[in-house]
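# Structural description and commentary
Given next are the chains, with one letter for each unit.
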Amino acid sequence: MHQRKSGNGRPSGTDGSDFSYRMVVDSRYQKVAECKSRLSVIIFSQAIIQLIAAASIFLSTSRGEDLDSVAVSSSVIYFISLLVGELGRKRSRVNFLKLYVFGSSVALLISIASLTKSSYALQVIKDLSIWSSSLIELMKSATVLLGFGVQIFAITTTLSLIRNMAPPKRTS
């Protein structure tokens with residue numbers, strides 16, 4: 001369509017008087033965008049924590065210790081759940097996000113069980129004077145504790161994202 005030019009060069013209807021007819025973005029879409037960006041940072045930090053945990057597993061096996069299959073399975077489950085979580089975040093898939101929360105929580109519980117199974121880690125926690133001789137065990141404990149803290153933020157952020165992604169309830 002042909003637009004008429006007014007005297008000041010602006011097309012008619014754009015003088016600001018049509019503000020009541022313009023659409024407003026619902027606040028839940030803004031919350032979804034905020035939660036997605038926050039979840040991106042959380043998933044990235046969880047990946048860094050898991051890389052450190054995998055490095056500690058590699059270093060302990062290179063020192064001649066037995067391979068802790070429970071810790072390895074926990075890391076594998078964690079990395080898979082992080083990939084699923086990233087896909088769910090990017091594509092706004094609620095089922096992927098639920099699977100991410102479940103998988104990362106299970107992997108964290110397995111990591112905690114692996115840490116408590118290690119008697120040497122408990123000795124380091126009880127007697128902090130021997131921590132320098134077991135830097136790898138301390139690193140494993142730190143990654144599990146840090147992962148626990150980040151997991152709490154991941155669960156709350158993901159549940160908030162899922163709640164805001166759901167269509168609003170109809171009132172009758």
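The coordinates are above.
This section reports on the structure supplied with the text. None of these values were measured; they are calculated from a predicted model. (Residues numbered from 1 in each chain as written. Predicted model: local features only at pLDDT ≥ 70, side-chain atom pairs only at ≥ 80, totals over all residues. Heavy atoms only, no water.)

## Examining the overall build of the protein
- Looking only at helices and strands, one finds five helices and zero strands in the protein.
- Taking all 172 residues of the protein together, 32% fall into the buried category.
- Once local pairs closer than 6 in sequence are excluded, the contacts in the protein between residues at least 24 apart make up 75%. (Helix = DSSP H or I, 4+ residues; strand = E, 2+ residues; numbered from the N terminus. Buried < 20%, exposed > 50% of the residue type's maximum accessible area, 1.4 Å probe, protein only. Contact = heavy atoms within 4.5 Å.)

## Quick look at helix 2 (residues 69-91)
- Given a rise of 1.5 Å per residue, 23 residues ought to cover 33 Å, and the 33 Å separating the end C-alpha atoms of helix 2 matches this to within 8%.
- Among the residues of helix 2, Ala 71, Ser 74, Ser 75, Tyr 78, Ser 81, Leu 82, Val 84, Gly 85, Gly 88 and Arg 89 are the ones counted as buried.
- Where helix 2 is buried, its residues touch helix 1 (27-62), helix 3 (94-117) and helix 5 (135-165).
- Positive backbone phi, approximately 55 degrees, marks Ser 92, located one or two places after helix 2. (Expected span 1.5 Å × (residues − 1).)

## Quick look at the environment of Met 165
- Here Met 165 shows up in helix 5.
- Take Met 165: its relative accessible area is 19%, and that puts it in the buried class.
- In this structure, the C-alpha to C-alpha distance between Met 165 and Arg 93, residues 72 residues apart in sequence, is 9.2 Å.
- Beyond its immediate stretch of four places on either side in the chain, Met 165 contacts Arg 28, Val 32, Ser 92, Arg 93, Val 94 and Leu 97.

## Some points on the packing of aromatic side chains
- Under the counting rule described, the total for this entry stands at zero aromatic pairs.
- It is Arg 28 that lies over the ring of Tyr 29; its NZ or CZ is 4.7 Å from the centre. (Phe/Tyr/Trp six-rings, centres within 6.5 Å; stacked < 30°, edge-to-face > 60°. Lys NZ or Arg CZ within 6 Å of the ring centre and 35° of its normal.)

## Here's the deal with a nonpolar patch on the surface
- Nonpolar side chains collect at one region of the surface, where Phe 44, Ile 48, Leu 51 and Ile 52 lie side by side and expose about 380 Å² of accessible area between them.
- Along the polypeptide, Phe 44 turns up in helix 1.
- A relative accessible area of 57% places Phe 44 in the exposed class. (Patch = residues over 30% accessible without salt bridge, like charges linked within 9 Å, V, L, I, M, F, W, Y side chains within 5 Å. Areas by Shrake-Rupley, 256 points an atom, 1.4 Å probe, with all protein chains shown as cover. Salt bridge = Lys/Arg side-chain N within 4 Å of Asp/Glu carboxyl O.)

## Description of the packing of helix 2 against helix 3
- Where helix 2 contacts helix 3, the two axes come as close as 8 Å, and the packing angle between them is 160 degrees. By the angle class used here, helix 2 and helix 3 are roughly antiparallel. Viewed along their axes, helix 2 and helix 3 form a crossing whose handedness is left-handed.
- Here the residues of the contact of helix 2 with helix 3 sort into 14 nonpolar, nine polar and two charged. (Axes fitted to C-alpha atoms, helices over the stretch in contact; angles between N-to-C directions. Parallel < 35°, antiparallel > 145°, perpendicular 65-115°, else oblique. Left-handed = near helix turned anticlockwise from the far one by under 90°. Nonpolar A, V, L, I, M, F, W, Y, C, P; charged D, E, K, R; others polar.)

## Some words on the pattern of salt bridges
- On inspection of all chains with the given rule, the structure shows one salt bridge.
- A salt bridge links Glu 86 to Arg 89, with the nearest nitrogen and oxygen atoms 2.6 Å apart. Taken together, the residues Glu 86 and Arg 89, both in helix 2 and three residues apart, mark about one turn of the helix.
- Given the relative accessible area of 14%, Arg 89 is considered buried.

## Thoughts on the environment of Ser 37
- Inspection of the secondary structure puts Ser 37 in helix 1.
- With a relative accessible area of 44%, Ser 37 lands in the partly exposed category.
- Distance from Ser 37 to Lys 90, taken between C-alpha atoms, is 9.9 Å for residues 53 residues apart in sequence.

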